Amino acid sequence: MLEKLLPHAMLKAGPNLESRIRTLKKDWAIVYDMLSGKDNSNFGWDEHRQLVVAKDAVWNSYIS
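Residues numbered from 1 in each chain as written. Predicted model: local features only at pLDDT ≥ 70, side-chain atom pairs only at ≥ 80, totals over all residues. Heavy atoms only, no water.

As recorded in an unreviewed UniProt entry, the chain goes by Myb/SANT-like domain-containing protein and comes from Gossypium trilobum.

Next comes the structure, spelled out in structure tokens:
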């Protein structure tokens, strides 16, 4: 996978980097769904703090 993404990088830590890339993609997908997916009207983005914001009730509903 890493060789396809970065063919000339000559990185030797392939499995670790591939795992990190998968984790980052998964985390990004979660944030993207919160902000632009269905039922996203209660989530927002705080530009100053660079994080997803919502009232406590919204978070509790999302978690359960």
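1. Details of the overall build of the chain
Helix and strand content of the chain: three helices and two strands. Helices and strands appear in the chain in the N-to-C order α-α-β-β-α. With 64 residues in all, the chain has 11% of them scored as buried. Across the chain, every contact between residues at least 6 apart in sequence was considered, and the portion connecting residues at least 24 apart equals 8%. Carbon and sulfur atoms form 58% of the exposed surface of the chain, whose accessible area is close to 5,600 Å². (Helix = DSSP H or I, 4+ residues; strand = E, 2+ residues; numbered from the N terminus. Buried < 20%, exposed > 50% of the residue type's maximum accessible area, 1.4 Å probe, protein only. Contact = heavy atoms within 4.5 Å. Areas by Shrake-Rupley, 256 points an atom, 1.4 Å probe, with all protein chains shown as cover.)

2. Description of the pattern of salt bridges
Where charged atoms of side chains with opposite charge meet at close range, the side chains can pair. Inspection of the entire model under this criterion finds one salt bridge. The residue arginine 49 makes a salt bridge to aspartate 46 at a minimum N-O spacing of 2.7 Å. (Salt bridge = Lys/Arg side-chain N within 4 Å of Asp/Glu carboxyl O.)

3. Some words on a nonpolar patch on the surface
Taken together, the side chains of Ile30, Tyr62 and Ile63 define a hydrophobic patch exposed on the protein surface, amounting to about 310 Å² of accessible area. By relative accessible area, which is 67% here, isoleucine 63 ends up exposed. (Patch = residues over 30% accessible without salt bridge, like charges linked within 9 Å, V, L, I, M, F, W, Y side chains within 5 Å.)

4. Structural notes on the packing of aromatic side chains
Following the criterion strictly, the structure yields two aromatic pairs and no others. Look at tryptophan 28 and tyrosine 32: their rings are 6.5 Å apart centre to centre, the planes differ by 40 degrees, and that puts the pair in the tilted class. Note that tryptophan 28 and tyrosine 32 are positioned in helix α2 (residues 14-36) at a spacing of four residues, about one turn of the helix. Pairing phenylalanine 43 with tryptophan 59 gives two aromatic rings, centres 5.3 Å apart and planes at 75 degrees, and the pair type is edge-to-face. Of this pair, phenylalanine 43 sits in the loop between α2 and β1 (44-46) while tryptophan 59 sits in helix α3 (residues 56-63), and the two are 16 residues apart along the sequence. Under the relative-accessibility criterion, tryptophan 59 is labelled partly exposed at 26%. (Phe/Tyr/Trp six-rings, centres within 6.5 Å; stacked < 30°, edge-to-face > 60°.)

5. Section: the confidence of the model for the chain
In the predicted model, the chain carries a mean pLDDT of 80, and the fraction of residues at 70 or more is 80%. Put simply, helix α1 (residues 2-5) is where the chain has its lowest mean pLDDT, 70, and strand β2 (residues 51-53) is where it has its highest, 86. (pLDDT = per-residue confidence, 0-100.)

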